[in-house]
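Below, each chain spelled out in residue letters.
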Amino acid sequence: MIVRILGSGQWEVPAQVVPRLNVIDDLVMTAVHDRDADYLAELLQEMADLIKQTGTPVPSGPVVLSDQIIPSPSTPIGEVADWLQESRAEDGLIPGQARRR
């Protein structure tokens with residue numbers, strides 16, 4: 001899966017990392033719902049770090065379409081909430097497992 005972190009580039013993420021991303025993604029949805037901006041920033045940073053540590057950077061050059069795009073850790077909570085609402089993302093930022101509550 002190719003993931004773009006806004007403002008940071010793209011990484012090819014191995015399939016075995018996606019379940020961990022989904023766990024963080026569920027927590028992102030909770031942080032947005034609870035309007036907890038500090039926790040959201042921590043989670044987006046954790047997600048970005050995991051992608052960068054486990055993924056392979058996609059070389060710049062020809063444009064490669066991203067399978068998923070995640071906001072940078074500095075994205076304000078209101079923008080993340082709007083993004084999720086506009087995309088009608090019931091799965092959050094990273095589709096996969098159904099959201100557990």
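Just so you know, these numbers come straight off a predicted model, no measurement behind them. (Residues numbered from 1 in each chain as written. Predicted model: local features only at pLDDT ≥ 70, side-chain atom pairs only at ≥ 80, totals over all residues. Heavy atoms only, no water.)

1. A look at the pairing of strand 1 (residues 2-5)
(1) Moving on: Of the pairings in the sheet, the one linking strand 1 to strand 2 (residues 9-12) comprises four bridges and is antiparallel in character. Residue Ile2 lies in a different strand from strand 2, and its bridge partner there is Glu12.
(2) Moving on: By the bridge criterion, three bridges tie strand 1 to strand 4 (residues 68-70) in an arrangement that is parallel. Bridge pairing in strand 4 places Arg4 opposite Ile69. (Pairing = 2+ DSSP bridges. Helix = DSSP H or I, 4+ residues; strand = E, 2+ residues; numbered from the N terminus.)

2. What to know about the side chain of Gln10
(1) Moving on: Relative to the assigned elements, Gln10 resides in strand 2.
(2) Moving on: Residue classification places Gln10 among the buried positions, given a relative accessible area of 10%.
(3) Moving on: A distance of 3.4 Å separates polar atoms of two side chains, one belonging to Gln10 and the other to Arg4.
(4) Moving on: Side-chain polar atoms of Gln10 contact the backbone oxygen of Val64, separated by 2.8 Å. (Buried < 20%, exposed > 50% of the residue type's maximum accessible area, 1.4 Å probe, protein only. Polar contact = N/O pair within 3.5 Å; in protein donor to acceptor, adjacent residues only side chain to side chain.)

3. What to know about the confidence of the model for the protein chain
Atom-level detail of predicted coordinates should not be read off regions where pLDDT is low.
(1) Moving on: Of the residues in the protein chain, 86% reach a pLDDT of 70 or more, and the chain-wide mean stands at 86.
(2) Moving on: The weakest mean pLDDT in the protein chain belongs to helix 3 (residues 77-86) at 85; the strongest belongs to helix 2 (residues 37-54) at 96.
(3) Moving on: Here residues 97-101 scores under 50 on pLDDT; set against residues more than four positions off or in separate chains, the count is 13 contacts. (pLDDT = per-residue confidence, 0-100. Contact = heavy atoms within 4.5 Å.)

4. A short note on helix 2
Two residues of an α-helix separated by three or four positions point the same way, owing to the 3.6 residues in each turn.
(1) Moving on: If you check helix 2, its first and last C-alpha atoms are 26 Å apart, about what 18 residues at 1.5 Å a residue would give, namely 26 Å.
(2) Moving on: Restricting attention to buried positions, one finds in helix 2 the residues Leu40, Leu43, Leu44, Met47, Ala48, Leu50 and Ile51. All buried residues of helix 2 fall inside an arc of 160° around its axis, so they share one side. Opposite its buried face, helix 2 presents the exposed residues Asp38, Glu42 and Gln53, each directed more than 90 degrees away.
(3) Moving on: Where the residues of helix 2 are buried, they touch strand 1, strand 2, helix 1 (18-33), strand 4 and helix 3. (Expected span 1.5 Å × (residues − 1). Arc of directions from axis to C-beta.)

5. Focus on the pattern of salt bridges
(1) Moving on: Counted by the stated rule, this structure contains one salt bridge.
(2) Moving on: Measuring nitrogen to oxygen at the nearest pair gives 2.4 Å for the salt bridge that ties Glu46 to Arg20. One end of the pair, Glu46, is in helix 2; the other, Arg20, is in helix 1, and 26 residues separate them in sequence.
(3) Moving on: Looking at Arg20, the relative accessible area reads 38%, which means it is partly exposed. (Salt bridge = Lys/Arg side-chain N within 4 Å of Asp/Glu carboxyl O.)

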